[in-house]
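Survey of secondary and tertiary structure
Listed below, chain by chain, are the residues.
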Amino acid sequence: MCWSETADLVAGAGITAVGVASVTLAARRPRDLPLAALPLLLGIHQIIEAAVWHHDGGTGPATVAWAVIALPLLPLWVPAAVLCSAPPSARRRLLVPLAAGIATAATLACVLATRTVTAEIRGHTVGYSLGLPQAQLIIVGYLLATIGSLLLSGDRGLVLFGVLVAVGAAVTVVLWRQEYISTWCAFAAVCSVVLLLWVSRRRPGPDTSQGEVR
């Protein structure tokens, strides 16, 4: 949650619990499992950042684990998960954010493999430094993959989640420009509890082949 080790740990534990409940509910619709697991992933992500706080930042395993989830994993996971749960009518347009996610994730994975990511405690926030090449282009691809896939899903619940995450992106870049990645991930983790409601409202069934209205 940024503000402190304790805040990250408490928030992470709570969001992880939501994720477990979400995955349990999604068992009746296997195609929804990747999206339902997102709060679980983001909750664990916050717990990892608590470990970053505990070690006063630096370049240790917790910092690397945090960066792996935040950078290459999420821009690939989110559009792929949205595509899995989407009705056939939405799948073609979702290939665009998926392609952006694949390209962005591949680029970020290469950067992480060749450069050292460093975390720095800055008051009540954590800043991560990696020295991204073509940072603006990577950010555009990241936003298209994550927010874009949610907004293009055609599902009211996912669009709401996308709007919340987009607002969070705008707010955090204005208030914490240097610590943008950390604060936005924390905001997205909190917003991901919306997915529990989304999963609970999904009708049981093997797939979404009929493109039901939600």
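Below you will find a few notes about this structure. (Residues numbered from 1 in each chain as written. Predicted model: local features only at pLDDT ≥ 70, side-chain atom pairs only at ≥ 80, totals over all residues. Heavy atoms only, no water.)

**With respect to the packing of helix α1 (residues 5–26) against helix α9 (residues 194–201)**
The description of two helices packed together rests on the angle between their axes and the distance between the axes. The condition is simple: Geometry is summarised by axes, namely lines fitted to C-alpha atoms with helices restricted to the contacting stretch, and by angles between N-to-C directions that run from 0 to 180 degrees. Only DSSP runs of H or I covering at least 4 residues are called helices, and only runs of E covering at least 2 are called strands; the numbering of each starts at the N terminus. Note on angle classes: values under 35 degrees are labelled roughly parallel, values over 145 roughly antiparallel, values of 65 to 115 roughly perpendicular, and the remainder oblique. The crossing is said to be left-handed when, going from far helix to near helix, the turn is anticlockwise and less than a right angle, and right-handed when the turn is clockwise. In what follows, residue pairs with any heavy atoms lying within 4.5 Å of each other are defined as contacts. We call Asp, Glu, Lys and Arg charged. Ala, Val, Leu, Ile, Met, Phe, Trp, Tyr, Cys and Pro are nonpolar, and the rest, Gly among them, are polar.
Interaxial distance between α1 and α9 falls to 9 Å at its minimum, and their mutual angle equals 15 degrees. One finds that α1 runs roughly parallel with respect to α9. The chirality of how α1 crosses α9 is left-handed. From α1, V18, A21, S22, L25 and A26 reach across to α9, where they touch L195, L196, V199 and S200. Here the residues of the contact of α1 with α9 are counted per class, giving 7 nonpolar, 2 polar and no charged.

**Here's the deal with a nonpolar patch on the surface**
Here is the rule: Here a patch means residues that are over 30% exposed by relative accessible area and free of salt bridges, tied together within 9 Å if like-charged and within 5 Å if nonpolar (Val, Leu, Ile, Met, Phe, Trp, Tyr). Here the open area of atoms and residues is found with the Shrake-Rupley method and a 1.4 Å probe, where only the protein chains shown may cover a residue. Between Lys or Arg on one side and Asp or Glu on the other, a salt bridge is scored when a side-chain nitrogen of the former is within 4 Å of a carboxyl oxygen of the latter. Residue exposure (1.4 Å probe, protein chains only): buried if accessible area is under 20% of the type maximum, exposed if over 50%, otherwise partly exposed.
Side chains of L151, V163, V167, V171, V174 and L175 sit close together on the surface and give an oily, nonpolar patch of about 510 Å² of accessible area. The biggest single contributor to the nonpolar patch is helix α7 (residues 156–175), with 5 residues. Within the fold, L175 resides in helix α7. Owing to a relative accessible area of 54%, L175 belongs among the exposed residues under this scheme.

**Overview of the environment of H54**
We apply this condition: Counted as a polar contact is a pair of N or O atoms within 3.5 Å, where, for protein atoms, one must be capable of donating a hydrogen and the other of accepting one, and residues adjacent in sequence contribute only when both atoms are in side chains.
You can see H54 is positioned in helix α3 (residues 38–54). Each C-alpha atom of the pair H54 and T6 lies 9.4 Å from the other, and the pair is 48 residues apart in sequence. Here E5 takes part through its side chain, which lies 3.4 Å from a polar atom of the side chain of H54.

**Looking at the pairing of strand β1 (residues 118–122)**
The line we're drawing: Pairing between two strands requires that DSSP report at least two bridges joining them.
Where β1 lies against strand β2 (residues 125–129), 5 bridges are found, and the strand directions are antiparallel. Of the residues in β2, the one forming a bridge with T118 is S129. The turn linking β1 back onto β2 is made up of 2 residues, and G123 within it adopts a positive phi angle of 65 degrees.

**Side note on the side chain of S149**
Assignment of secondary structure puts S149 in helix α6 (residues 135–151). Among the polar contacts listed, one links the side chain of S149 to the backbone oxygen of A145, at a separation of 2.7 Å. A polar atom in the side chain of S149 sits 2.9 Å from the backbone oxygen of T146. Every residue in contact with S149, bar those within four places of it in the chain, is listed here: V78, P79, V82, L94, P97 and L144.

**Considering the pattern of salt bridges**
Evaluated as defined, the whole model comprises 4 salt bridges. Linking D32 and R202 is a salt bridge whose minimum nitrogen-to-oxygen distance equals 2.9 Å. Taken together, the residues span a long stretch of sequence, with D32 in the loop between α1 and α2 (33–36) and R202 in the segment after α9 at a distance of 170 residues. Like D32, the residue R202 is buried in the burial classification. Here E120 and R122 are joined by a salt bridge, their closest N and O atoms 3.4 Å apart.

**Quick look at the packing of aromatic side chains**
Here is the rule: Pairs were defined over the aromatic rings of Phe, Tyr and Trp, the Trp ring being its six-membered one, requiring ring centres within 6.5 Å. Orientation was assigned from the angle between planes: stacked under 30 degrees, edge-to-face over 60, tilted for the rest.
In this structure the tally under the stated criterion is 2 aromatic pairs. Taken together, a centroid distance of 3.8 Å and an interplanar angle of 0 degrees make the contact between W66 and Y128 stacked. Here W66, found in helix α4 (residues 61–85), pairs with Y128, found in strand β2; they are 62 residues apart in sequence, far enough to count as distant. Relative accessible area serves as the criterion here: at 1%, W66 is assigned to the buried category.

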